[in-house]
Amino acid sequence: MLQDIYQDVLHPSDALLHGREYKVYFDPMHSKVLIPENPNPTASVLIRNKMYQNVILQYDTYKDLLVYQNLNIRINNLITPVIINRNIIEEFTLQLPSGPARFRYLSFPEDQEGLLSSAFYEIVTEGVCQFIIDHSAFRKVEEGRVAYKYKTERYIINAGVITRIRGKKSLLKALTDEAAEVSAYLKRSNILVKRADKEQIKDVVDHYLTLKHL
Amino acid sequence: MTWITNMHKCVNISLKTVLLRSICLLFLGLECLHPAFSQDNLQHLKESLYLQTDRNLYIVGEQVWIKVNKLDAQGKKPDNFSKVVYIELLSKSGQPVNQLKLHVPDKSGSAGFTLSDTLSSGNYLLRAYTNWMKNFPATDFSFKTISVINPFKSMEEIGVKRSIPVLEAKNTSPEIRTDKGLVLEAKFDTTTFGTRERVKVNIQARDSKGNPVEADLSVSIVRSCLFQDIRGNIHDAVHLSGGVEPGVQASYLPELEGVILSGKMLSSTNNQPMKNEVIMLSIVGKAARCQVYRTNDMGEFYFNLDDSGVQELVIQPVDSAVGDYFVELEPDFYSAYDHPLPGPLTLDTTILRALNQVIINMQIENIYQPYQFHKHSPNPDTPEIDFYSEPEYHILISDYIPLKTIREVIKEIVPAVSVRVKEGRSYLWVGNGVDDLHFNNKPLVLVDGVLFDDVDQILNIRLTELEYIEVINLRYFLDGLMFEGIIHFVTKEGSMAGLEFHHAVFRQAYAALSEEFFFRSPGYSDDSDKSSPIPDFRNTLYWNPGLQTREDGHTGFEFYTADDRGEYIVFIEGISPEGKSGSLYKKLIVQ
């Protein structure tokens, strides 16, 4: 309650309206850049310790931007989406077809970026062994026109070591100190890493953490 | 500039109105209207603090090292409610002689300050509170008395007594432990060490059943004559009133981010509040850190400041056509001293000889400390970020061939910006980023982070003084306002290049959060350091306000002894996440 009073007094305007307008730079017919594709007021964002729920948010997977739509902000009768300033976002959750996805900005030192660069990532598991998903888009010229294609990559950051998960081999490499046990668990649970969804990989990571007593 | 109206919930509520409306309902027992504000819940909104210092007795010119623990309503468990703690050192007459605004984002924090050599000898009172605690009686603040000796001023006011000193009595026991559920143990290799010798200490924290505890500890190792009170116990020191008294009015908000800068904007012509005026807070400097607020019916405004150090603030209406005004800032510190003040200082005759030595130590340290730490480069400043984050265009003037004027630079180099002249005045316009057209409204024009609308003056800044120009050629939303583009001129000095406002503006230096102050002590790991001719006469050998035991209850630290031989006190105090507290006092001899 006090938190709300504080927010109302200190930040009385729409806290999400903090940033520049968003200009669509792609052809929506031939590109998939924004997730979820259909904006609905089902997302949430944590700003200055306050959770704003049931708001319309989309994540630009090419430019790594969080886009907010306030239906009341219309210029020339057009809704003007706003890029929420990254500095104030603590985390946000989007309702994706695969279920709710919680994103947070992860920083990697520029000289040690390696596989990952500083950006928003979906955080599936946290702690010593993190399972994250990179939602991104790449630019491609298709039939003479520019198109943006959406893709996801899964990563495990175990004790600071980043491994891209593409199959069983890379998963066992990421969890190498318990590889035998993890392999047995995959077999027991009939998990095919290449085709596994994020919940299945999460189960594997949770099992690994149990083995490590973490 | 375009004002956006009715596009968001604009809550122009007087703080007092909000708090009184919400909280007084509760105090009147109307819990049914606001179930979340039951008396029980409000109890939880109370917070308390516990102050620790590295010792009790100081010589002027020395540093006072402070740790503050934030505790919950019952004063039992570490808590993390307010993020700013105010610490003041009060003289016996109640006058503040030192004031700190400490940013404490976690459950405990630390600070330090140097005792001015203008202070008189005597007892002084340290008091700590948060903005939220100012709603409750000052007796709920946290207090600690420290003694200060100024050997360079008359010491007639110091009383001397001949008695069995506490310290002498303590000396019969090598170790004294107080515990309220937290048992601390410290193991040294030995209790006697040589000068400039490494001392390794292992600490274990257990509860009364012997289970390991993850505790938040502070460690202080000082000359024994400077440590006269071992009664420190977190729970004994917590002052709490019996609860929230009916009728208590909450006028101060908790500071949940940084310092709340609040005040009133009043008209210069009739002293009336400037209602519903959109005003901007800017901080003079290379980074644009602007905030916008719409004043309420009382002309009140509230900004959050999380900057540290002394900052030059400018508060002005966004619309320069608004008439003359003046700003009254609310004082940050509590101005009343409605609690007991410290009594006179009385020293034991038994420590006078040792005191003489620590006074000499202080003088040697103050002379030689700069040489001890000259090898350590200061921490590089983290660059401040503009409120608009990355600009669309960043034009570094030195990257281009020298031009004569800023007007030329804008015409030839800066994309999306143009200068137009209308009725003898110059205006800047920003392209809309889509076609070749400009926005319909003027952009936000900043010079060194400050809103400045006299474009002719900007264009007359000498180009040699200008470092870079940043441009955002998109609409920008800030605290409910929309600007059609941003142009930011940044000078090499970052001090507005002598520009003068045509109208009166509020421009004032303001002490924001206190800068961090870290305890440093020399290391003698290699022989060259050990044989260094620079004397080391620290009276506080070691101070660590943030030592944490691990899950197994263990932790450790190491430090080096100094050149002064004698008896030192090791004092460790801590609290567990469950609120169990304890302390440990131990002797250490340097021969």
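Fair warning: this is a prediction, and the values are worked out from it, not measured in the lab. (Residues numbered from 1 in each chain as written. Chains lettered and ligands numbered in written order. Predicted model: local features only at pLDDT ≥ 70, side-chain atom pairs only at ≥ 80, totals over all residues.)

Structural notes on the overall build of chain B
We apply this condition: Comment: elements are numbered from the N terminus, with helices defined as DSSP H or I runs of at least four residues and strands as E runs of at least two. Every C-beta atom is placed from the backbone, and the number of other C-beta atoms within 10 Å of a residue's own sets its class: buried at 20 or more, exposed at 12 or fewer, partly exposed in between.
From N to C terminus, chain B includes eight helices and 33 strands. Expressed as a percentage of its 591 residues, the buried residues of chain B come to 39%.

Here we look at the overall build of chain A
The condition that has to hold: For the purpose of contact definition, each residue receives a C-beta atom placed from its backbone, and two residues are in contact when these atoms lie within 7 Å.
Across its full length, chain A holds four helices and 14 strands. Overall, the C-alpha framework of chain A stretches about 60 × 55 × 35 Å when taken along its three principal axes. Considering only contacts in chain A between residues 6 or more positions apart, those separated by 24 or more positions represent 51%.

Some details on the domain arrangement of chain B
Selection criterion: Residue ranges labeled as domains rest on an automatic or database domain assignment.
Here chain B is described as being made up of domain 1 (46–242 + 336–376 + 520–590) and domain 2 (393–497). The gap between the C-alpha centroids of domain 1 of chain B and domain 2 of chain B is 52 Å.

Describing the environment of B:N150
Residue and element names in this part refer to chain B. Here N150 lies in the loop between β8 (142–149) and β9 (159–161). Look at N150 and you get buried, because 21 C-beta atoms sit within 10 Å. Distance from N150 to Q228, taken between C-alpha atoms, is 18 Å for residues 78 residues apart in sequence.

Let's talk about the sheet that holds strand β31 (residues 554–560) of chain B
All names here are of chain B. What counts is decided by this rule: Here, a strand pair is defined by DSSP locating no fewer than two bridges between the strands. For helices, the axis comes from a line fit to the C-alpha atoms of the stretch in contact; other axes are also lines fit to C-alpha atoms, and the angle between any two N-to-C directions lies between 0 and 180 degrees.
Pairing is antiparallel in the open sheet, where three strands are placed in the order β11-β13-β31. Whereas interior strands pair on both sides, the edge strands pair on one side only; in this sheet they are β11 (182–188) and β31. Neighbour-to-neighbour, the strand axes of this sheet turn through a mean angle of 25°, independent of strand direction. With seven bridges joining them, β11 and strand β13 (residues 198–207) adopt antiparallel strand pairing. Opposite A186, over in β13, you have I203 as the bridge partner.

Quick notes on the pairing of strand β5 (residues 65–69) of chain A
Residue and element names in this part refer to chain A. Of the strand pairs in this sheet, strand β4 (residues 50–60) and β5 are connected by five bridges, and their pairing is antiparallel. Bridge pairing in β5 links Y59 to L66. Between β4 and β5, which pair antiparallel in sequence order, lie four residues; one of them, D64, sits at a positive phi of approximately 60°. Two strands pair when backbone bridges link them, and β5 and strand β8 (residues 82–83) are joined in this way by two bridges, in the antiparallel orientation. Residue pairing across strands places V67 opposite I83, the latter belonging to β8.

A look at helix α4 (residues 198–211) of chain A
An α-helical turn contains 3.6 residues, so a residue and the one three or four places further along point in the same direction. All names here are of chain A. What counts is decided by this rule: Multiplying 1.5 Å by the residue count of a helix minus one yields the expected span of that helix. What the arc describes is the spread of directions from the helix axis to the C-beta atoms.
The terminal C-alpha atoms of α4 lie 20 Å apart, and with 14 residues this matches the ideal 20 Å at 1.5 Å per residue to within 8%. All buried positions along α4 are accounted for by I201, V204, V205 and Y208. The arc that holds every buried residue of α4, seen down its axis, measures 95°, which confines them to one face. Set apart from the buried face of α4 by more than 90 degrees, the exposed residues are E199 and T210. Backbone geometry just downstream of α4 places H213 in the positive-phi region, at approximately 60°.

Some thoughts on the packing of helix α3 (residues 179–188) of chain A against α4(A)
Residue and element names in this part refer to chain A. For clarity, the cut-off: Roughly parallel covers angles under 35 degrees, roughly antiparallel covers those over 145, roughly perpendicular covers 65 to 115, and oblique covers all other angles. Crossing handedness is read from the near helix: turned anticlockwise from the far helix by less than a right angle, it gives a left-handed crossing, and turned clockwise, a right-handed one. Residues are sorted three ways: Asp, Glu, Lys and Arg are charged, Ala, Val, Leu, Ile, Met, Phe, Trp, Tyr, Cys and Pro are nonpolar, and all the rest, Gly among them, are polar.
At a minimum axis distance of 10 Å, the contact between α3 and α4 shows a crossing angle of 140°. Relative to α4, the element α3 is oriented oblique. Here α3 and α4 pass one another in a crossing that is right-handed. When α3 is examined against α4, the residues E181, V182, Y185 and L186 are found in contact with a partner set consisting of V204, H207, Y208 and L211. In terms of residue class, the contact of α3 with α4 is built from six nonpolar, one polar and one charged.

Focus: the nonpolar core
All names here are of chain B. The criterion, for reference: Put simply, a nonpolar core is buried Ala, Val, Leu, Ile, Met, Phe, Trp, Tyr and Cys residues tied into one set by C-beta atoms within 7 Å.
One finds V68, I87 and A128 to be the most contacted residues of the largest nonpolar core, which totals 182 residues. Each of two domains, domain 1 (46–242 + 336–376 + 520–590) and domain 2 (393–497), supplies a minimum of three residues to this core. A128 has contacts with L49, L51, V68, V85, Y86, I87, F141 and S142, leaving out every residue within four places of it along the chain.

Considering the environment of B:E185
Residues and elements named next belong to chain B. Looking at where E185 falls in the secondary structure, it is placed in strand β11. For the pair E185 and Q272, spaced 87 residues apart in sequence, the C-alpha separation works out to 63 Å. In this view, E185 contacts I203 and Q204; residues no more than four positions away in its chain are not counted.

With respect to the confidence of the model for chain B
All names here are of chain B. Our working rule: Every residue gets a pLDDT, meaning the predictor's confidence in that residue, from 0 to 100.
Residues with a pLDDT of 70 or more make up 83% of chain B, whose mean pLDDT is 84. Helix α1 (residues 15–27) is the least confidently modelled element of chain B, averaging 38 in pLDDT, while strand β25 (residues 444–447) averages 97, the highest of any element. Predicted confidence for residues 164–172 stays below pLDDT 50, and this span has 10 contacts to residues more than four positions away or in other chains. Reported confidences for the modelled complex are a pTM of 0.85 and an ipTM of 0.90.

Digging into the sheet that holds strand β19 (residues 310–317) of chain B
Residues and elements named next belong to chain B. What the four strands build is an open sheet, ordered β17-β16-β19-β29; its pairing is antiparallel. Strands at the two margins of the open sheet, each flanked by one partner only, are β17 (291–294) and β29 (506–511). Across the sheet, the mean angle separating the axes of adjacent strands is 25° when strand polarity is ignored. Examined bridge by bridge, β19 and β29 share six bridges and lie antiparallel to one another. Note on β29: the bridge partner recorded for E312 is A509.

A closer look at the pairing of strand β33 (residues 581–590) of chain B
Residue and element names in this part refer to chain B. Of all 10 residues in β33, eight are buried; the element is thus mostly enclosed. For strand β12 (residues 192–193) and β33, the ladder comprises two bridges, and the chain directions are parallel. Bridging from a neighbouring strand, F193 pairs with V590 of β33. The sheet contact formed by strand β32 (residues 566–575) and β33 spans 10 bridges and is antiparallel. Among the inter-strand pairings, V570 is bridged to a residue of β33, identified as K586. Hairpin geometry of β32 and β33 is characterised by an intervening segment of five residues between the two adjacent antiparallel strands and by a positive phi of about 90° at G579.

Concerning helix α1 (residues 2–10) of chain A
Turning to α1(A), its buried residues are A:L2, A:I5, A:Y6, A:V9 and A:L10. The arc that holds every buried residue of α1(A), seen down its axis, measures 115°, which confines them to one face.

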